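# A structural walkthrough
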Amino acid sequence: MHRQGNSLSDPSAGPNLPDLLVVGSGFFGLTIAERCASELGLKVLVLDRRHHLGGNAYSEKEPTTGIEVHKYGAHLFHTSNQKVWDYVTRFTTFTSYQHRVFGKYQGQIYSLPMNLGLINQFFGKAHTPEEARDLIAEQASEFDTDGAENLEEKAISLIGRPLYEAFIKGYTAKQWQTDPTELSPDIITRLPVRYTYDNRYFNDTYEGLPTDGYTAWLTRMADHPNIEVRLETDFFDVREEYVGKVPIVYTGPVDEYFDNREGRLSWRTVDLEESVVDVDDFQGTSVVNANDEDVPYTRILEFKHFHPERVKTHLPGKTVIVHEYSRFAEEGDEPYYPINTAEDREKLLKYRELAKREPMVLFGGRLGTYKYLDMHMAIGSALSMYENKLKPHFAAGAELTSGGVDE
């Protein structure tokens, strides 16, 4: 049953206004919408400028092969947060998929992340774990970690020059379009090396892919009589109808909300070139990184390997691959990864102050907080915003404090 009435924040709001406006239908926005609609009975309007819901997690089947493709790059769900896991399993079951990544360097394939198998294969010798630790420690002694002046020196101080030059240097140069000697050492906090043969990419308690896909999962989250989703609707075309009149959870770019008045924040983006290949299996696994610097793309994704249980539903003799390229985002590009330079951080502080002065507007999600958030992190952050800000406001009349980009 739809709850009648409007937000506690503005008793004079018109009868056609929702109780809450959510801008963006990614995981953060839909978690907020679902909780407020299901638990509080609020009338929630979700706006999204794209033709589909789900943000970057959106997936669809390639029409000729039947293979599900993540349209904005590979999305792998994993979490050790029990609260998040309990929440997401209300809307989907998960497969037993465990993510494993391989890297190609000088014509050879290696198992990533760096582990005992890679070390032994790369150096052509069967090291014990202790021998491998001693080898890497000796090679890493070229630079002191605390005294590293750039990313290259920092990386070498952690894993040694041979592994750095094979698996980090070229890949990083392509990701950042910058020589690693010109990148800040702060970009790398650690470079884990496993001295076992464990090649699982994630070590979380829970891992898998939604059994019937991301779009089905996200659609179920929005499938509530109190939630209205309007696609192909730009918030900035209608903002005057809502700002100051109803509470808003905004998950778009925080700098765009304020017309970039403090300057544009910098992001990296990815270009994805999808193609159907006339072979049954292109590379034998879901992800192969291209570690050679002279190879222009960063990795190749082969989507049939994300759901091997669906093999009988796919058209035989064909597969879908995606070449992924990384570059700095320009105006009009889809922002993916915050670059987060000192200049960006200075701008973000100014946007946080502006956000606090907006009437009844909370900023969340990857774009709204200028933080790279995995899916489970975005969902966890949304659940926290709901419990700590929205629920106290709507259920108990607590004052709604604007802001949130520093959550």
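Note that the coordinates shown come from a computational prediction; the quantities given were computed from them, not determined experimentally. (Residues numbered from 1 in each chain as written. Predicted model: local features only at pLDDT ≥ 70, side-chain atom pairs only at ≥ 80, totals over all residues. Heavy atoms only, no water.)

Below, the discussion takes up the sheet that holds strand β9 (residues 227-230). Strand order in the open sheet made by the five strands is β9-β2-β1-β10-β16, with parallel pairing throughout. One side of each edge strand has no neighbouring strand; the edge strands of this open sheet are β9 and β16 (361-363). Across the sheet, the mean angle from the axis of one strand to that of its neighbour is 20 degrees, orientation sign disregarded. The sheet contacts of helix α1 (residues 27-40) involve β1 (20-23), β2 (44-47), β9 and β10 (248-250), and relative to β1 the element is tilted by about 160 degrees. (Pairing = 2+ DSSP bridges. Helix = DSSP H or I, 4+ residues; strand = E, 2+ residues; numbered from the N terminus. Axes fitted to C-alpha atoms, helices over the stretch in contact; angles between N-to-C directions. Contact = heavy atoms within 4.5 Å.)

The biggest cluster of nonpolar side chains holds 83 residues, and the ones touching the most others in it are Phe-77 and Trp-217. Of all the elements, helix α8 (residues 214-222) adds the most residues to this core, at five residues. Counting 21 residues, the second largest nonpolar core, distinct from the first, contains Phe-28, Ile-32, Ile-227 and Phe-394. (Core = buried A, V, L, I, M, F, W, Y, C linked by side-chain atoms within 4.5 Å. Buried < 20%, exposed > 50% of the residue type's maximum accessible area, 1.4 Å probe, protein only.)

Turning to the pairing of β2, a few remarks are in order. Of the two faces of β2, both are covered, the one formed by Val-44 and Val-46 as well as the one formed by Leu-45 and Leu-47. As paired elements, β1 and β2 share four bridges and run parallel to each other. Residue pairing in the sheet places Leu-21 in a bridge with Leu-45 of β2. The β-α-β motif built from β1, the intervening α1 and the parallel element β2 has right-handed crossover chirality. For β2 and β9, the ladder comprises four bridges, and the chain directions are parallel. Note on β9: the bridge partner recorded for Val-44 is Ile-227. (Right-handed = clockwise from strand over helix to strand, strands pointing away.)

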